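Fold and geometry: a report
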Amino acid sequence: MRLMMFAPLVLALTACMPGEGEEMSNDTGNETVAQTETDADDTCGAAALQGSIGKPVEEQDFGSNYRIVRPGLSVTMEYRADRITVETDENGIVTRVQCG
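These numbers were taken from a predicted model, which means no experiment stands behind them.

**Let's talk about the state of the cysteines**
In a disulfide, the sulfur atoms of two cysteines are covalently bonded to one another. Applying the stated criterion across every chain, the model contains one disulfide. There is a disulfide in this structure between Cys-44 and Cys-99, and the S-S distance comes to 2.1 Å. Because the sign of the S-S torsion sets the handedness, a value of about -90° for the bond joining Cys-44 and Cys-99 places this disulfide among the left-handed ones. Separated by 55 residues along the polypeptide, Cys-44 in the loop between helix H2 (30-38) and strand S1 (66-69) and Cys-99 in strand S3 (residues 94-99) bring together distant segments of the chain. An identical accessibility class is assigned to Cys-44 and Cys-99; each is buried.

Shown next as structure tokens:
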């Protein structure tokens, strides 16, 4: 009887799996994000600021529409294509520059 309760769940999950020879895409993974940062979706200009990575955040000029995200800092998850998001490590060194 218990097996019959889980049968619909198993069938639903297997329907989402790729077939033989198909690849599964990860639209929310870092690979997709990195790809959009370097493609035509670079509306904030983050591609031109990649040279800031590895340098102290205080010494960089990111323009007027940016936010700095330090480790442990709570931030909103809203995506704004015109805003530069700068991530740093605990020492204030830039680790990532992206739109959003």
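And the narrative resumes.
**Side note on the nonpolar core**
Core analysis: the largest hydrophobic core is formed by ten residues, namely Cys-44, Ala-46, Leu-49, Val-57, Phe-62, Ile-84, Val-86, Val-94, Val-97 and Cys-99. For this core, the secondary-structure elements that each account for two or more residues are strand S2 (84-88) and S3. A total of three residues in this core trace back to one element, the largest contributor, which is S3. The residues touching Cys-44, leaving out its near neighbours within four places in the chain, are Ala-81, Asp-82, Arg-83, Ile-84, Gln-98 and Cys-99.

Calculation notes
- Residues numbered from 1 in each chain as written.
- Predicted model: local features only at pLDDT ≥ 70, side-chain atom pairs only at ≥ 80, totals over all residues.
- Heavy atoms only, no water.
- Disulfide = S-S within 2.5 Å.
- Helix = DSSP H or I, 4+ residues; strand = E, 2+ residues; numbered from the N terminus.
- Buried < 20%, exposed > 50% of the residue type's maximum accessible area, 1.4 Å probe, protein only.
- Core = buried A, V, L, I, M, F, W, Y, C linked by side-chain atoms within 4.5 Å.
- Contact = heavy atoms within 4.5 Å.

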